[in-house]
Each structure stands twice: as structure tokens, then as C-alpha cells.
Amino acid sequence: MASEEHRQHVLPASIYVSIWAILMFLTGLTVFVSFIELHNWNIVLALVIATIKATLVVLFFMHLYYSSKLTKVTVIVAIFFLFLLLALSMTDYLTRGWLTNQIH
Amino acid sequence: MATAVQTVERETYLNNGYSLKSWLLTRDHKRIAILYLISITGMFFIGGFFAMLIRLELLTPAGDLVSSDTYNKLFSMHGISMVFFFLIPSVPAVLGNFVIPLMVGAKDLAFPRLNLASWYIYIIGALFALVSMVMGGVDTGWTFYTPFSTTYSNTHVVGTALGVFIAGFSSIFTGLNFIVTIHRMRAPGMTWTRLPLFCWSNYAASIIMVLGTPVIAITILLVALERLFHIGVFNPALGGDPLLFQHLFWFYSHPAVYIMILPGMGVISEIVTCFSRKRVFGYEFVALASIAIAVLGFLVWAHHMFVAGISVYAALVFSLLSYLVAIPSAVKVFNWTATLYRGSIRYDTPMLYAFGFIGLFTIGGLTGVFLASLGVDVHVTDTYFVVAHFHYVMVGGMVLAYMAGLHFWWPKMTGKMYPEGWAKLSALLVFVGFNLTFFPQFILGYMGMPRRYHAYPPEFQVLNVLSTAGASVLAMGYVLPMIYFLWSLRYGEDAGPNPWNAVGLEWMTPSPPPTHNFDETPVVTWEAYDYEHQPEEEVSVGH
Amino acid sequence: MATSDIEIAEHALQHHFASMDQQRETSTFGMWLFLVTEIMFFGGLFCAYLVYRWTYYQAFVEGSQTMNIWLGATNTAVLICSSLTMALAVRCAQTDKRKLMIVLLLITMVFGLAFLGIKAVEYHEHWTNHQFPGPNFQFDAAEAAGVNPQNVQIYFSLYWAMTGLHALHMVIGIGLVTWIVIAGARGMYSADYYSPVENVGLYWHFVDLVWIYLFPLLYLISKKHGG
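In this report, the structure presented in the accompanying data block is examined. Note that this is a predicted model, so its numbers are computed, not measured.

Rules and cut-offs
- Residues numbered from 1 in each chain as written.
- Chains lettered and ligands numbered in written order.
- Predicted model: local features only at pLDDT ≥ 70, side-chain atom pairs only at ≥ 80, totals over all residues.
- Heavy atoms only, no water.
- Helix = DSSP H or I, 4+ residues; strand = E, 2+ residues; numbered from the N terminus.
- Rg over C-alpha atoms; globule rule 2.2 N^0.38 Å.
- Buried < 20%, exposed > 50% of the residue type's maximum accessible area, 1.4 Å probe, protein only.
- Contact = heavy atoms within 4.5 Å.
- Areas by Shrake-Rupley, 256 points an atom, 1.4 Å probe, with all protein chains shown as cover.
- Lys, Arg positive; Asp, Glu negative; His and termini not counted.
- Charge placed at Lys NZ, Arg CZ, Asp CG, Glu CD.
- Buried area = accessible area lost by both parts, 1.4 Å probe.
- Salt bridge = Lys/Arg side-chain N within 4 Å of Asp/Glu carboxyl O.
- Polar contact = N/O pair within 3.5 Å; in protein donor to acceptor, adjacent residues only side chain to side chain.
- Phe/Tyr/Trp six-rings, centres within 6.5 Å; stacked < 30°, edge-to-face > 60°.
- Lys NZ or Arg CZ within 6 Å of the ring centre and 35° of its normal.

### Quick notes on the overall build of chain B
And then number 1: Of regular secondary structure, chain B possesses 15 helices and 0 strands.
And then number 2: Against the 2.2 N^0.38 benchmark of 24 Å for 543 residues, chain B shows a C-alpha radius of gyration of 23 Å, consistent with a compact globule.
And then number 3: For the C-alpha atoms alone, the extent of chain B along its principal axes is close to 80 × 45 × 45 Å.
And then number 4: Within the span of chain B, comprising 543 residues, buried residues form 64% of the whole.
And then number 5: Restricting to contacts in chain B with at least 6 residues of sequence separation, those with at least 24 account for 83%.
And then number 6: When the accessible surface of chain B is split by element, carbon and sulfur atoms take 70% of a total near 19500 Å².
And then number 7: Taken together, the 25 basic and 28 acidic charged side chains of chain B have centroids lying 6 Å from each other.

Structure representation (C-alpha cells):
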């Protein structure tokens, strides 16, 4: 067919199923780990696992791995700006208690 | 002069269907631009009406024209109409919509139906805001600060805020459309470095629209939820932080001012090159400066919060970043000036507005740097100094750029020339009126007159009277173009495809262009602003 | 009358595009840009969450004790399964397996509805326990735990706002899937033209993504009571 060359990269179904399996496993893992008291590391671990899951969904389910450079840059820029919103707002909240009016 | 042969009227986007349906269901970016033109002009005069009432009240020191509650509503609705319903859409939705597909050599924007949807969404948002205004409006300021807007105000906050929320999506979709168009719809040979700077500026502004607007959308949603369900996210009585509202609000609203000014700067780049018949000085620098403004613009928002209660360390960070954002703007001003140097300058109306822009934007921008300094800001924040600063950039900069662009591309859009004499007079009235209105406000602010007050100490009266006098002159400068533009539609001289002898794909189509823009897809082989190879002909229309 | 792939594609090519390739790439890029706006839209709520979790950590711990981890985890699994069936459905569109595509899309919808059903159960529970912000808010465990009930209310404000906005997106997603099921059943998609399927897929995966973050942030804050 003349349109053959226009067809996009098709992933084998087994890849999708494998990613699904990893995601299910990671979900179980994050629940399991949440029962262990790790203090400040709980949130770190939870977010790391969530980010791994998110990355897998974005790269493979959403085909970003196989997409154009432009699309990849677009996603990275978005994440970067979200990070800016969170980080710069926190510069205020993190430092509010630093300066006191006490005269020594 | 009757002849035996009847000439067939050339098909243009204007005569391609006369019915209301052909306009209201159009997918043609040019028709959508005209729809926007009509709508935002309406909102501009509504905002101007509120401004008139404000300036009338401020003629006398006593608050005698309206009550303080009403005055609060006046400046709130002036701000909301002007910022969200005029300034933000103006250059992109009117001039950008019309010209960008032509400039890149495309038949339309990437998503024509989304473009039409953008306009309808804008109209719905405007209706929400207008109905709320008619029912009494809001008195929170265009900034909707909490907890006043969420808990204590007795005005139509939710309705107005919803209008802004909805209009925000119009802006998002326009920006999305522009980004995709500029990336994917350029004609063969139209490389990034051959793009007119108007495209670069709108591209940068579109990035801001796409990244920033959703944040104010969610913020407005939270305000509405708090007002309706008392959720308390911004209410200190319930443990919330009003400053969180301000962080989220200004995260968008500061970059929003760059959404407004960047397309205006793009217009200036087009006009300065055409009317000095020179390549722009430092094309890459101007292009990259647009992107730099867009990115740096996201890093400075808390300079609106220096005295609100943020930590002093955060204030230091944001102050430093605010100084940085002035640099790319300055680069542009230097480059335009260098473009003018040794150019063959023509003083047509668009160029007069461009000159006005360069001077007034510089003053406005520099006073912004004053405000970025923490010590100075403590003295002048919430005074008329700030009001003067932002009107210098918004009106002296942005509105003048919009007028410049409107005059520059009017012949392309309508096929008619406006009357040059009247246009020059209007430009003069705008320039004189503007400075008379707003320069005294710098002094007033420095002397301590607070903003958003309808009464003031008697020693401030002289400057206030000057300001109101200036506003009357400025108003005339706005009304005249309305009249002569409409007049030109019927009686203006035929413009021809390129009355300014400008370089650019949009000037290579007839005026007005046919619906499909180009009979054949153009292939671009020349650099941007290739004025060296453009023969300088005697301009024969409009003089 | 079975329309061939090329006929479908030619009919679908819009006038301002030079080729189906250009149209497809443009359409996908546009969809990704829209998702960028959604990232920033939810991002504002995540910012509010971050600020208040930092400020009122203990209150957030108390609030999240009322969350049912097992329902939340089940919902997470449901969404992941729905993403699998959605991804496979897009693959079917790519490989001209129209009937299987419709089946997979319908299964995706069922998963989506299951998610909303479980969410409704949770919401009902929180509602009857007065764990909804506003004048009727009640959190009796606050005093015993040494936290200000107002601050717990903020946790719940964010819970309802974030999961509510997410659920709204789910509803819209189900609507979108319904649309492409109907269009797909009418034979409007082929291996040469399946952009709407792909774009709805992107939207669906995005909604899944948001939940991937909401689950640990709202449900797994601290297991001080041992679950």
C-alpha cells in the first residue's frame, strides 16, 4: 500500500503488557513500603516510585520515547516550569522563620 | 465610468460569503481576527468608560462623585476589562491571527476550528464579566486578593472570576495554535532565522500563555470554591495563607504582562525595519531576547509581594531576578535604535507610534527597575508611582504598539488606506494626552498619594487635574481612529498589495487577501528584512 | 460499504495541510501542548498541597489516616489496567484491527467507570463523617492527636479539590472514549488516520498520571496508626 511508509512505529503488545506488570508491581511496592516507618524517607521513596511509574507511562504508553525531539523538549519544559512554581514558592515558605526581630 | 466589459470582483476573504453564518461559523483566521477586532474594541471602550469615571472623581480631593465602595468597583472593573479582555488578546488575537499564517506562508493556522472556538470562549467569558458588571461588578481590584475576595466582599466575585477563567482558555488555545503553527506550518525555505520577528515575539508570548494561564485558572477556581463552599484554603481564620493566593495569582499575572508586551514588541520590530528600510540590527539577539523575556518573566512574580509578608530572603532572590529580566528588553531597545541609525526613515503613522513606543516603553521599563529595588519599593509600593509605571508600559508601550500595528496592517486587512493626516493628528493626541495623564502620576506617587483611593490630600489636586486633562486628550486620540478607520472602509484609497513597500510574505498577497492566502505555496529564498534588495519605490497611496 | 484506508485518509486530510504526515504530527504536537497546560493546571493544586503539607504536616498525617488505602490502591491498579487497554486499543487502530479496538476501548471505559464507582464509595464515606470542608466540618480525632482541626480541614479541602478535579477529568475522558467508540464503529479510523484515537489515548494516560501522584500524596502520608 502506498501509505506504508507513513505508518508510525508500532510497539509489540508484549511491551505494553510488560510495562503494565512493572506498574502493578511498583504500586504494590509503594503500598508495602508505606507501612514501614522510615520517617522522612517515606515521602522520598513514595515520590521516587511514583516518578518511575510516571516515566514509564509517559515514555511507553504515551510513546514519548518514540516521539520527535520537539515533543520531548516540550514535556521537559513543562516539568521544569512546574518545578519552578513549586521551588520558588517554597523559597518564601522555607525562609519565613529565618529572620527574627530580636535585638541581641 | 461605465464600460461595456464587466470585471469580475476578485475573491477575497471579505466577500467570500456575506451571511452572518459565514462569519459566525468561519474557520478563516482572517475573519476570526476581524471578529476579535470588533469584540476587543468594545471591551476597550468599556474599560475606558470606567477610566473616565475614575479620572472625573479624582478631579477634586474630596470623594464626592461616587462613594468609596463604588470607586472600588470602578478601578476593579477598569483593570479587569483592560487586562483580561483587551490587553492580553489584542495583538495576538487580532494582528497575530491575521498576519502569522501569512507571514509563515501557510493557508491557515494549524487548528482553524480551535481558533474559532477561542473567539467564542472569549465572548462567553466577556459576557460573564459584563453581566456581573451590570449587576454591580466587583470591588476587589483586578487582583482579587484574599481573604477579601473570598470571604468579605459582598460583590459578584464568582461571576466575574468565572468570566476571567473562561477567557483564560481562549488565550491558552490561541497560544497553543500559534506555537504549533510556527513549528509545523512554515512554508518551504522559511527557516527559523528567516522568520519575521513578529513571529518570534508571538511565539514567546504563546509559550507564556500555555504555561502560565492554567495556573491562574486553578487559582480562580479555588477562589470560587472558597467563596461558595468556604473551604478556607486562603482564609487565615481557617488556617489558610492569603499569600499563597498571591503566589499563585502572580505566577501567571506577572508573565501575563509579557504576554501583553511581547507581541507589541514584535510589531515594533516589523515597523522599525520597514520605515527605516534596513535589516534589523542583531536579528538573533532580538529573537533570543524574546525567548529570554518569556523565560525570565516566570522567575520574578514575587516582586508584587515585597511588602505583603514574604520572607526577606525570598524578596532578595526575586529582586535580583527582576533586575535580570530588564536586560533582554533593553537589548531590544538598543537593537531598534541601532536599526534606525543610518536608516532611510519615513515618518508615516505606524512609525510615529513606534517612536512613541520606544521612548515611553523605556521610561516605563526603567521605572520598573526602580520598583525592583527593595528599598525604593517600600516607599512607592501601592502609590501612584506603580500606577504610572504600569500605564507607561501598558499604554505607552502596548497600546501604542497595537495602534502602530493596526495602522501598518490596516491596508492589508481591508484593502483601504486610512487618511494619513488625521492619523498623524491622532498619534500626536495620544502621545501628548498620554504623557499629560501619566507623568504627573509618577510625581504624585513619589510624594505619597496612594492608589485605589477616591479621596486625597488637597496638595495633590493640581497634578490630578493635569492628569484628568491629559486623559481627555488621550480619549480623543482613541476616538478619532475609530471614526477614520470606519470612514476608510467606504471612502479610503485602494491600498494595493504593498503600500509600504515592505518585505514579508504577507505583502506578497493581494489586499485584502483571498481566503486561501496564497495561490501557490511560496518558497522562501530570502532573509528576513531583506530591504537591501527591495527596490525603493515612491509610495503612491495615502499621501 | 467498507471504505479503504486511503479513502478514509483522503477524506480526513484538511485543506490547510500539505500531507497526512504533517496533519498527524501537528495534531499530536497540539495534543501534547494541551497536556502541558493540564500539567500546569493541576500544578497549582500541587503547589498548594506542598505549601500546606510543609506547614501543617501533623494535620496532614491525621487527615490521611481516614483514607482507605486498599480502595486507593485498587483504584490505582484499575487505572493502570485501563491505561494498558487504552494503549492496546491505540495499537489496534495503528494495525487496522477495528473490532478489537472497539472492544478494548469499551473495556477501558468499564475500568474508568469502576474507578469512579470506587471514588463515589469513598466520597460517601467522607461525606457522612463530616469530612467535607465548610461549616459542617467535624474532625473529632484532632484534639486527641494534638492538631488544629482547621488545619485538618485544609488537608480535606485539598483532598476534595484534587481528587474532584481528577474525577471530573475522568468523566470527560470517558466521554471522549465514547466518542471514538462511536466514530470507530462507523469505520472512521484506519492505520493511516487514527489521530483522534491516539490523542484520546494521550489524554487518558495523562489522567492516569495525575492519579499516580495523588495516591501516595493523599493516601500514604504516614502509617503511624499501622494502617
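Back to the text.
### Points about the interface of chain C and chain B
And then number 1: Counting residues at the interface gives 32 residues for chain C, matched by 38 residues for chain B.
And then number 2: Summed over both partners, the interface of chain C with chain B comes to about 2900 Å²; 75% of that surface belongs to carbon and sulfur atoms.
And then number 3: Among the residues of chain C in contact with chain B, C:His16, C:Met40 and C:Phe41 are the three that bury the most area, contributing 20% of the side total.
And then number 4: A salt bridge links B:Arg184 to C:Glu25, with the nearest nitrogen and oxygen atoms 3.6 Å apart.
And then number 5: If you look at where chain C meets chain B, you find 7 residue pairs in polar contact (both at pLDDT 80 or more).
And then number 6: Those elements that provide at least two residues to the side of chain C that touches chain B are α2 (20-55) and α7 (149-185) of chain C.
And then number 7: Of the residues forming the side of chain C that touches chain B, the biggest block, 18 residues, is contributed by α2(C).

### A word on the pattern of salt bridges
And then number 1: In total, this model carries 13 salt bridges over all chains according to the counting rule given.
And then number 2: The partner of A:Asp92 in a salt bridge is A:Arg96, with the nearest N and O atoms 2.7 Å apart.
And then number 3: The closest approach of N and O atoms between B:Glu532 and B:Arg279, which form a salt bridge, is 3.6 Å. Of this pair, B:Glu532 sits in the segment after α15 (461-491) while B:Arg279 sits in the loop between α8 (242-276) and α9 (283-296), and the two are 253 residues apart along the sequence.
And then number 4: Look at B:Glu532 and you get exposed, because its relative accessible area is 61%.

### Observations concerning the packing of aromatic side chains
And then number 1: Enumeration according to the criterion identifies 74 aromatic pairs over all chains in this entry.
And then number 2: Taking 5.1 Å as the distance between ring centres and 35° as the angle between the ring planes, the aromatic pair formed by B:Tyr392 and B:Phe442 counts as tilted. Note that B:Tyr392 is positioned in helix α13 (residues 384-414) and B:Phe442 in helix α14 (residues 420-447), a separation of 50 residues in sequence. You'll find B:Tyr392 and B:Phe442 in the same group, each marked buried.
And then number 3: Judged by centre distance (5.9 Å) and plane angle (55°), the rings of C:Phe137 and C:Phe156 are tilted. With C:Phe137 in the loop between α5 (98-128) and α6 (141-145) and C:Phe156 in helix α7, this pair connects stretches of sequence that are 19 residues apart. For the pair C:Phe137 and C:Phe156, a shared accessibility class is recorded, and that class is buried.
And then number 4: Through successive ring pairs, a cluster of aromatic residues spans B:Phe229, C:Tyr49, C:Phe60, C:Tyr123, C:Trp127, C:Phe132, C:Phe137, C:Phe139, C:Tyr155, C:Phe156, C:Tyr159 and C:Trp160.
And then number 5: Its guanidinium or amino end placed over the ring of C:Phe29, B:Arg184 lies 6.0 Å from that ring's centre, counting from NZ or CZ.

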